[in-house]
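# Chain and residue survey
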Amino acid sequence: MRITKSFGVIAIAIFLSTGIARLFPIRSTALEFAYAATVTPNVTVGPQYDTTHVYVAPEDFDRLVASLVTTFGGTTSKQGVFTVTPTPSSTMSQLVLTPVGTLSVFGFKTPVPYPFGVERTGYLVTDLDAAIQAARTAGADVLVTSFNDPIGRDAIIQWPGGVNTQLYWHTTAPSYKALQTIPENRVYVSADRVAAFVDSFLAFSHGNVTADDAHAPGVEIGRPSDTYRRIRIQSNFGKLTVLVTDGHLPYPYGHEMMGYEVSDLAATLAKAKAAGVQVLVPPYTADQRTSALVQFPGGYIAEIHSITGKPN
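No experiment lies behind these values; they were computed from the predicted model shown.

## Observations regarding the overall build of the protein
Broken down by element type, the protein carries 6 helices and 17 strands. Counting over 312 residues, the protein shows a buried share of 52%. For the protein, contacts bridging at least 24 residues in sequence account for 64% of all contacts bridging at least 6. Accessible surface computed for the protein: about 14,200 Å², of which carbon and sulfur atoms make up 55%.

The following block contains the structure:
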């Protein structure tokens, strides 16, 4: 959970810890992240500029894009073929702008260069160099240093716990409509690394923990007789849900990348099915929301939910 001590208290703690470190050269991780949150710039832009990265075979590209628009509504950018990696490659690319979240769809015509394809989200930032330094200060690794793309610059970072995220900046600032509902990035992390992940992400995002349930209903991860820990975080990057598990997950849990909030789940699923979307987990109710897991053409798996009350 985010540390909320004043800067003065943190500064004193840092001074004392520096003195103690002369005798005991062990730094406090919690103190490091508390300090990072006070010195990292806020580089966020807005959740409508977060893009879920979806990789799909070229032959499934059009079906996936069409199914997303049919299911959620919205518009698309013009489809094109580009090099979006720092090494030679070629991919179909299109932006899908829905009222419940933005997606970047890629259909590589060449082999996908490592480590592309495993980053789950792209965050637009106000200053890429400042964002990369902020991520480093917050404890993230830089897997792909900054490089130019056709419309700006990019980098890929990895949070503690192995979660990969792309940071990007546009030469010409984009302008997207505000979202009707904010999607939630769904991240599965082990109990061993969850504290480091949460501290690191909060320090970078300047966000807050809005809920931390140590006994969330296990039906949310396909284990209705168990409980697990669920942490919800909100920042100007949007929503992020951390699912802390032992990795004993029935399919398809752990494969879904994003959760989309809709006003009418039944109506949304009906539109999805008509567009060739497969319902992998039928609707169930927990934490005052009704949820289902679906698979879009091409393999993209997502959670879709409607709120039935005020979530914990």
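On we go from here.
## Thoughts on helix H5 (residues 194-205)
For an α-helix the count is 3.6 residues per turn, leaving residues at separations of three or four pointing the same way. With 12 residues, H5 should reach 16 Å at 1.5 Å per residue; the first-to-last C-alpha distance of 16 Å fits that figure. The buried fraction of H5 is high, at 11 of 12 residues. Regarding H5, the residues found buried are Val 194, Ala 196, Phe 197, Val 198, Asp 199, Ser 200, Phe 201, Leu 202, Ala 203, Phe 204 and Ser 205. Where H5 terminates, the next one or two residues include His 206, which has phi positive at roughly 60°.

## Some points on the layout of surface pockets
By rolling a water-sized probe across the atoms, one finds the places where empty space is left. There is about 540 Å³ of room inside the largest pocket. Forming the boundary of the largest pocket are 22 residues, of which Ser 93, Ser 104, Phe 106, Ile 151 and His 170 lie nearest the centre. Mapped by element, the contributors of at least two residues to the lining of the largest pocket are strand E1 (51-55), strand E4 (91-98), strand E5 (101-108) and strand E9 (163-170). Here the lining of the largest pocket is built from residues that sort into 10 nonpolar, 8 polar and 4 charged. Each pocket or cavity is described by its volume, and for the second largest pocket that value is around 440 Å³. What lines the second largest pocket is a set of 22 residues, and nearest its centre among them are Val 118, Arg 120, Gly 254, His 255 and Met 257. When contributions to the lining of the second largest pocket are tallied by element, the ones reaching two or more residues are E1, E9 and strand E10 (184-190). Of the residues belonging to the lining of the second largest pocket, the class tally is 9 nonpolar, 9 polar and 4 charged. Summarising the domain contributions, the lining of the second largest pocket has at least three residues from each of domain 1 (47-170) and domain 2 (184-307).

## Structural notes on the environment of Leu 265
Looking at the element boundaries, Leu 265 is found in helix H6 (residues 265-274). For Leu 265, a relative accessible area of 5% puts it in the buried group. Once the C-alpha coordinates of Leu 265 and Ile 307 are considered, the two residues, 42 residues apart in sequence, prove to be 9.1 Å apart. Setting aside residues up to four positions removed in sequence, Leu 265 forms contacts with Pro 283, Thr 290, Ser 291, Ala 292, Ile 304, His 305 and Ser 306.

## Here's the deal with empty space enclosed by the protein
Under the criterion given, the structure shown has 3 cavities of 30 Å³ or more. Its boundaries defined by the atoms lining it, the largest cavity holds a volume of some 110 Å³. Considering only residue class, the lining of the largest cavity consists of 7 nonpolar, 7 polar and 2 charged. If you count residues domain by domain, the lining of the largest cavity takes at least three from each of domain 1 (47-170) and domain 2 (184-307).

## Some thoughts on the packing of aromatic side chains
All told, the structure shown has 13 aromatic pairs when counted by the stated rule. Measuring from ring centre to ring centre gives 4.2 Å for Tyr 123 and Phe 237, while their planes differ by 20°; the resulting arrangement is stacked. Linking Tyr 123 in strand E6 (residues 121-124) with Phe 237 in the loop between strand E12 (227-235) and strand E13 (238-245), this pair joins segments that are 114 residues apart in sequence. Residue classification places Tyr 123 among the buried residues on the basis of a relative accessible area of 3%. On the accessibility criterion, Phe 237 (2% relative accessible area) is buried. Aromatic pair Phe 197 and Phe 201: ring centres 6.1 Å apart, planes at 15°, arrangement stacked.

Definitions and cut-offs
- Residues numbered from 1 in each chain as written.
- Predicted model: local features only at pLDDT ≥ 70, side-chain atom pairs only at ≥ 80, totals over all residues.
- Heavy atoms only, no water.
- Helix = DSSP H or I, 4+ residues; strand = E, 2+ residues; numbered from the N terminus.
- Buried < 20%, exposed > 50% of the residue type's maximum accessible area, 1.4 Å probe, protein only.
- Contact = heavy atoms within 4.5 Å.
- Areas by Shrake-Rupley, 256 points an atom, 1.4 Å probe, with all protein chains shown as cover.
- Expected span 1.5 Å × (residues − 1).
- 1 Å grid on protein atoms, 1.4 Å probe; cavity = no way out; pocket = protein on both sides within 12 Å on 5 of 7 lines; lining within 4 Å.
- Points joined across faces, edges and corners; volume = space filled by probe spheres on them.
- Nonpolar A, V, L, I, M, F, W, Y, C, P; charged D, E, K, R; others polar.
- Domains from an automatic or database assignment.
- Phe/Tyr/Trp six-rings, centres within 6.5 Å; stacked < 30°, edge-to-face > 60°.

Don't take any of this as a statement about function, it's just geometry.
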